Every structure is written in structure tokens, then in C-alpha cells.
Amino acid sequence: MSKAKVLIAEELSPATVEALGPDFDIVHCDGANREELLSAIVDVDALLVRSATQVDSEALAAAKQLKVVARAGVGLDNVDVKAATQAGVMVVNAPTSNIVSAAELAVALMLASARHIVPANEALHKGEWKRSKYTGVEIADKVVGIVGLGRIGVLVAQRLSSFGVQLIAYDPYVQPARAAQLGVRMVTLDELLAESDFITVHLPKTPETIGLIGHEELHKTKPTVHIVNAARGGIVDETALYQALIEGRVAGAGIDVYAKEPCTDSPLFTLENVVATPHLGASTDEAQEKAGISVARSVRLALAGELVPDAVNVQGGQLHEDLKPLVPLAEKLGAIACSLAPAAVARVDVIVLGDVADHDVRVLELSALKGVFQTLVHDPVSFVNAPVLAEARGVEVVLTTDKTSDDHRNLVRVVLTLTDGTKVGVAGTVTGSRFAEKIVEVDNFSVDVPLSQHMAFFRYHDRPGVVGVVGNLLGRENVNIAGMQVSRDDTGHALIALTVDSEIAPESIDLIVSEIQAHSGRAVNL
């Protein structure tokens, strides 16, 4: 079997290749060279990039077997996530790889702007001793406004708190109680602009945040304010900032990002009170190594068809520890339910009960869907294309959660509504310190059966001798029964659930159904 092919289109940390391991055929190209990229991407399974490679609809169309695009960094400005999703291509990034580096750079730019570090350095290099000209201001006892109190904003707040500053923040998605725990007071954007001595921006670039701090906003600041943007170019309007600086409405600025990059010719670069760096937020050895290792691991998971926590176009995101053992369980329950279904599937209900319902459990919906469609289609099914397969087939998918679970701490139930109106349902849980997987319901029957690679289920009208017949017939076929459980309802119908050591041939299933006059019989091979 040939190895999966991975294209590295930009210079990445050597740790990236090491983390990928020997299981892949790794090739390289210059992703900034369009012709070279379009030629190299044709037959690759995975593409690793940084910020220079444009992964747009044209590139995705040229990639005939691409399964995953990995961006070794936080932003995804250069990847068309929507086009990738439509093409069934997973997109992953390294969301936490450079957060420390970015936070440290923001603080460095703030200090450099406050103390005129850059022009003082340049003057001294020219042999000029200008102590009085470059008198700066202290950060201590000043008001620092943080625009965006996400992961990087929080790190900046933590670091600046030791300077003895007053911290305020604007972020409509952060609860004031959470901010108060960090020593931060939440305010409106107008309040932040009016009160701050220093403003630092830490927001993602979206249609809503582009130009968030523009001409109007920069007329609301103190004339002594210093503004830092080490987040994304365009959030602070560069033209408006330049005008505010030359008019004295802003005292100084530290800028690492620009609306169009690379940027080597900006009016801001002509101003002595602007500290400018060429998008260095992630440019530390530590950040590059973390990013490379992170996306390499994601690529390995993606090409193995497994859940990728850092996939940005897959619901679920980062997994809580309580969720992790339920992910493979949900997939197996989906596969079992689909194996038991005698007709086409019209709707999939994924029901999650118990303590775990406090968390974002959408990944369990994806996992169950993956299990269902692995049984229905021949092509590989992933967490990315399972919802696409459901949509293409007109299959409705519904996720329901409830913190109440009467008999188990956590329970996952997968119910399939078939095109003929009948329903098939399977529920399971995990138990013990090793999270042993077991089935606890099959339709209306209560069972307690450990999950096994090979299983079988027979529904019949209860009567003496059936168990013996089943055991005898499987013995003749040299199939060893590992476990058997019989469950019965109030109407006299019964279910036999078997775990066996080897696959049961379809002919053997048919023979057992005939001999015990079963309503149905199905083998399940996970």
C-alpha cells in the first residue's frame, strides 16, 4: 500500500516533519509560487502551509485527493474555509501555538512605544545622545484598554497586571464575572476609547471587526493614548491612525500587522512615534515548533479518519475530558443502529443524557453520523464529510441533550427513523476507570452487553429452546460465543444479543432466523 502524500508548501519547523513520522511521503514546494503550488497539489492527501500560500477555490479544485489543509498558525486569512468544506476538505490550524509569543510582542510594542525605544536606539546608532527628546511615560497606574479578551487578551492582561495598571476591556462575548476574576472591568468600546491611556487589540479579523477602530473612534481617545495592534491588519484603520498621529490625537502606536501584507511602504513608517514590525507575533522558535507539531498531529488524525480537535470546519472543537471516551462509543452506536436498520434512513436522532450534557456535545452527533454512514457508503467517511453525506441524502439530523439520566452517569442514544416510519434505537455508556463500552438498550429492550468487534442480534417470540438452538448452530459453524444475553418485553417478544469471537457469515444468520422463526436477525462487525 502506498503512503499518503503530504505537501509542505512553506518553511516549517524541523519538528513538523519529525512529528509527522515515517508513515507519509513528504514533498515540498514554494506555496507562494502559484504555478508551482497548483502543479504540486494535484495528488496530495494533505497540505501544510503558513501565511504565504493562498488556499482558495482554484487550489482546492486542483487538488484531486486532498483531505486536509493544515495552517501552522492561528489565523486562516489565506485559506478559503467555506470552499474547503464544500469540497469535503478538513481545515485545521494551531490555535494555541503562538498565543504566548503574540501576547509578549504586544507588551513589547506597548513598552517600546511608551519609552521611545526605537527612535532613541536609532539616534544613538547615529552617534546622537538625545536623552531629553525621548522622555517617555510610565505604564504604572495607567488605564490599559484591551479590545478582545480572548486567549491572547487574557495573557496580555495577566502580564500587564504586574505593572500596576488598571485593566479595562471591551468584548461583547465575555461575561463581566469572568473578567472580574482576572482583575478586568468590562466596558463599552466608547468607554474604553475615552478612558484608556494604552489600547491593545486582540480580536480575530471578521467582517464585523474590520475597521473597528477608525476615524470616528480615534476622535474619542485621549491625545496621550498609545495604540497597539498585534492581532490582525485592518482592525485598526491604518489611514485613520496615521491621520490621528500627525494631528496629535494619538501619542504613539505599535503596529505588527497590516491590511495588506507584506507591507513595506506605509505612511506609518515615516513617523518617529510609530514602532512597526513585520508581523512577528508568531515569529519565535517556540511558537513555530508548537505550531508545526500541532498541525502534524492533526494531519495524522485527519488522514486516519479520526476526530481532529483543532479542525475549524467541524463542529465540536476542543474536547472536554468527559467527552473523549464517548466519541468512539457514539460512532459504534451509529454503526450498530444502521446495521440493524431494515430500510433506508430518513432521520438520525442523537440523544445525550447525563453530566456530560453540560458541555458542547456536538462532536458526539458527528461521531454517531460517521458510524451511520460508514455502514451505508463505500467511500471513506470522516468527521468533515459525514454531515455533507447526510445533507446530500436528505437525512435530517437532530441532537438533543438532557442533564437527567436515571440509570447511568452518561448515556448516548442513537435513534434512526427509517423511510417506512419505523425506528431503530441503540443506547450505550462507558463504565469504570477504563471506560469500558457497553450497550444498555436495543430498541425497547434493556440489555447490558459489552461492545465487541463481532456481534449479532435476533428478535423473536419468546419460547423455550431458542437459546440452545442458536448456540448449537453457531457451534456447528465454529463460531465461539463470548457472551449472550436475553431480554424480554411485556408482550412476549425477546431479543438475543451476542458477542462472538469471529464474524458470522450471512448464511448462518439466515439459518438461525429460519430455525428460531425470528422476526429479524442482524450481524454487526465494527
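Bear in mind that the values here come from a model prediction, so they are computed numbers and not experimental data.

The rules we used
Residues numbered from 1 in each chain as written. Predicted model: local features only at pLDDT ≥ 70, side-chain atom pairs only at ≥ 80, totals over all residues. Heavy atoms only, no water. Helix = DSSP H or I, 4+ residues; strand = E, 2+ residues; numbered from the N terminus. Buried < 20%, exposed > 50% of the residue type's maximum accessible area, 1.4 Å probe, protein only. Contact = heavy atoms within 4.5 Å. Areas by Shrake-Rupley, 256 points an atom, 1.4 Å probe, with all protein chains shown as cover. Lys, Arg positive; Asp, Glu negative; His and termini not counted. Charge placed at Lys NZ, Arg CZ, Asp CG, Glu CD. Phe/Tyr/Trp six-rings, centres within 6.5 Å; stacked < 30°, edge-to-face > 60°. Salt bridge = Lys/Arg side-chain N within 4 Å of Asp/Glu carboxyl O. Expected span 1.5 Å × (residues − 1). Axes fitted to C-alpha atoms, helices over the stretch in contact; angles between N-to-C directions. Left-handed = near helix turned anticlockwise from the far one by under 90°. Nonpolar A, V, L, I, M, F, W, Y, C, P; charged D, E, K, R; others polar. Core = buried A, V, L, I, M, F, W, Y, C linked by side-chain atoms within 4.5 Å. Pairing = 2+ DSSP bridges. Polar contact = N/O pair within 3.5 Å; in protein donor to acceptor, adjacent residues only side chain to side chain.

A.B. asks: What is the right way to look at the overall build of the protein in this model?
C.D. replies: Helix and strand counts for the protein come out as 16 helices and 22 strands. If one aligns the C-alpha atoms of the protein with their principal axes, the spans along those axes are about 105 × 50 × 40 Å. For the protein, the proportion of its 526 residues judged to be buried stands at 49%. A fraction of 63% describes how many contacts in the protein between residues 6 or more apart in sequence connect residues 24 or more apart. Working note: accessible area of the protein is about 24900 Å², and carbon and sulfur atoms make up 49% of it. Side chains of the protein carry 44 positive and 67 negative charges; the gap between the two charge centres is 3 Å.

A.B. asks: How do you make sense of the packing of aromatic side chains when you look at a structure like this?
C.D. replies: The description of two aromatic rings rests on the distance between their centres and on the angle between their planes. Overall, the coordinates contain one aromatic pair when judged by the stated rule. Between Tyr258 and Phe269 the ring centres are 5.7 Å apart and the planes differ by 85 degrees, which places this aromatic pair in the edge-to-face class. Here Phe269 lies in the loop between strand 11 (252-255) and strand 12 (274-276) and Tyr258 lies in the loop between strand 11 and strand 12, a separation of eleven residues in the sequence. By relative accessible area, which is 34% here, Phe269 ends up partly exposed.

A.B. asks: Explain the pattern of salt bridges here, please?
C.D. replies: This structure, assessed with the given rule, holds 26 salt bridges. The partner of Lys222 in a salt bridge is Asp197, and the shortest N-O contact between them spans 3.0 Å. A residue pair is termed long-range when its members are at least 10 positions apart, and Lys222 in the loop between strand 9 (198-201) and strand 10 (226-229) and Asp197 in the loop between helix 9 (189-195) and strand 9 qualify at 25 residues. For Asp462, the salt bridge is made with Arg488, and the minimal N-O distance between the two is 2.6 Å. With a gap of 26 residues between them, Asp462 in the loop between strand 19 (454-461) and helix 15 (466-476) and Arg488 in strand 20 (residues 481-488) connect regions that are remote in the sequence. A residue is classified by how much of its surface remains accessible, and Asp462, at 24% relative accessible area, is partly exposed. Judged by its relative accessible area of 59%, Arg488 falls in the exposed class. It is possible to trace a salt-bridge network through shared partners that takes in Arg34, Asp56 and Glu58.

A.B. asks: Any chance you could explain helix 5 (residues 99-114) here in plain terms?
C.D. replies: For helix 5, spanning 16 residues, the distance from its first C-alpha to its last is 23 Å, which sits close to the expected 22 Å at 1.5 Å a residue. A large share of helix 5 lies buried, amounting to twelve of its 16 residues. By the burial criterion, the buried members of helix 5 are Ile99, Ser101, Ala102, Ala103, Leu105, Ala106, Val107, Leu109, Met110, Ala112, Ser113 and Ala114. Two residues or fewer past helix 5, His116 is found with a positive phi of approximately 55 degrees.

A.B. asks: I tried to follow the packing of helix 12 (residues 326-340) against helix 13 (residues 362-376) on my own but got confused; where do I start?
C.D. replies: To characterise two packed helices, one gives the angle between the axes of the helices and the distance between these axes. Between helix 12 and helix 13, the least distance of the axes is 7 Å, while the angle of their chain directions is 35 degrees. Relative to helix 13, helix 12 is oriented so that their crossing is right-handed. When helix 12 is examined against helix 13, the residues Leu326, Val327, Pro328, Ala330, Glu331, Gly334, Ala335, Cys338 and Ser339 are found in contact with a partner set consisting of Val363, Leu364, Ser367, Ala368, Lys370, Gly371, Val372, Gln374, Thr375 and Leu376. By residue class, the composition of the contact of helix 12 with helix 13 is eleven nonpolar, six polar and two charged.

A.B. asks: What exactly am I supposed to notice about the nonpolar core here?
C.D. replies: Generally speaking, nonpolar side chains in soluble globular proteins are found buried as a group. Counting 50 residues, the largest nonpolar core has Ile336, Leu364, Phe373, Leu416, Ile439 and Phe457 as its most contacted members. The leading source of residues in this core is helix 12, at nine residues. Ignoring sequence-local partners within four residues, the contact set of Ile439 consists of Leu333, Ile336, Val426, Ala427, Gly428, Val447, Asp448, Val449, Leu451, Met455 and Phe457. The next biggest cluster of nonpolar side chains, apart from the first, holds 29 residues, and it includes Val143, Leu192, Leu212 and Ala244.

A.B. asks: Would you explain the sheet that holds strand 15 (residues 410-418) in this entry?
C.D. replies: Think of a sheet as strands paired side by side through backbone hydrogen bonds, with each pair either parallel or antiparallel. Here six strands make up an open sheet; going across it, the order is 14-13-15-16-17-18 and the pairing mixed. Unpaired on one side and paired on the other, strand 14 (396-402) and strand 18 (445-450) mark the two borders of the sheet. On average, each strand axis in the sheet is tilted by 20 degrees relative to the strand beside it, whichever way the strands run. One ladder, built from four bridges, connects strand 17 (residues 436-442) with strand 18; its direction is antiparallel. Bridge pairing in strand 18 places Lys438 opposite Pro450. Docked against the sheet, helix 12 engages strand 13 (345-354), strand 15, strand 16 (423-431) and strand 17, running at close to 155 degrees with respect to strand 16. Across the sheet, helix 13 touches strand 13, strand 14 and strand 15, and the angle it forms with strand 13 is around 140 degrees.

A.B. asks: What is the right way to look at unusual backbone geometry in this model?
C.D. replies: Residues other than glycine predominantly adopt negative phi, and peptide bonds predominantly adopt the trans conformation. Each neighbour pair has its own omega, and for Glu261 with Pro262 the value is -5 degrees, a cis peptide bond. With respect to the helices, strands and loops of the structure, Pro262 is situated in the loop between strand 11 and strand 12. Here His116, not a glycine, exhibits a phi torsion of approximately 55 degrees, which is positive.

A.B. asks: Explanation requested: the pairing of strand 15 in the structure shown.
C.D. replies: Successive residues of a regular strand alternate their side chains across the two faces of the sheet. Burial of strand 15 is extensive: eight of the nine residues sit out of reach of the surface. Both strand 13 and strand 15 contribute to a ladder of nine bridges, which runs antiparallel. Its bridge partner lying in strand 15, Ile351 is registered against Arg413. Here strand 15 pairs with strand 16 via six bridges, running antiparallel. If you follow Leu416 over to strand 16, its bridge partner there is Val424. In textbook terms, the turn of a hairpin is the stretch between consecutive antiparallel strands, and for strand 15 and strand 16 this stretch comprises four residues, one of which, Gly421, has a positive phi near 95 degrees.

A.B. asks: Honestly, the sheet that holds strand 11 in this entry has me stumped. Any pointers?
C.D. replies: Ordered in space as 8-7-6-9-10-11-12, the seven strands form an open sheet in which the pairing is parallel. Single-partner strands in this sheet number two, and they are strand 8 (184-186) and strand 12. Neighbour-to-neighbour, the strand axes of this sheet turn through a mean angle of 20 degrees, independent of strand direction. Examined bridge by bridge, strand 10 and strand 11 share four bridges and lie parallel to one another. Bridging from a neighbouring strand, His226 pairs with Gly252 of strand 11.

A.B. asks: When you look at the environment of Arg522 in this model, what are you seeing that I'm missing?
C.D. replies: In this fold, Arg522 is placed in strand 22 (residues 520-525). Sequence separation between Arg522 and Lys324 is 198 residues; the distance between their C-alpha atoms is 29 Å. Setting aside its immediate chain neighbours within four residues, Arg522 contacts Ser339, Leu340, Ala341, Pro342, Met455, Ala456, Phe457 and Ile509. Side-chain polar atoms of Arg522 contact the backbone oxygen of Ser339, separated by 3.5 Å.

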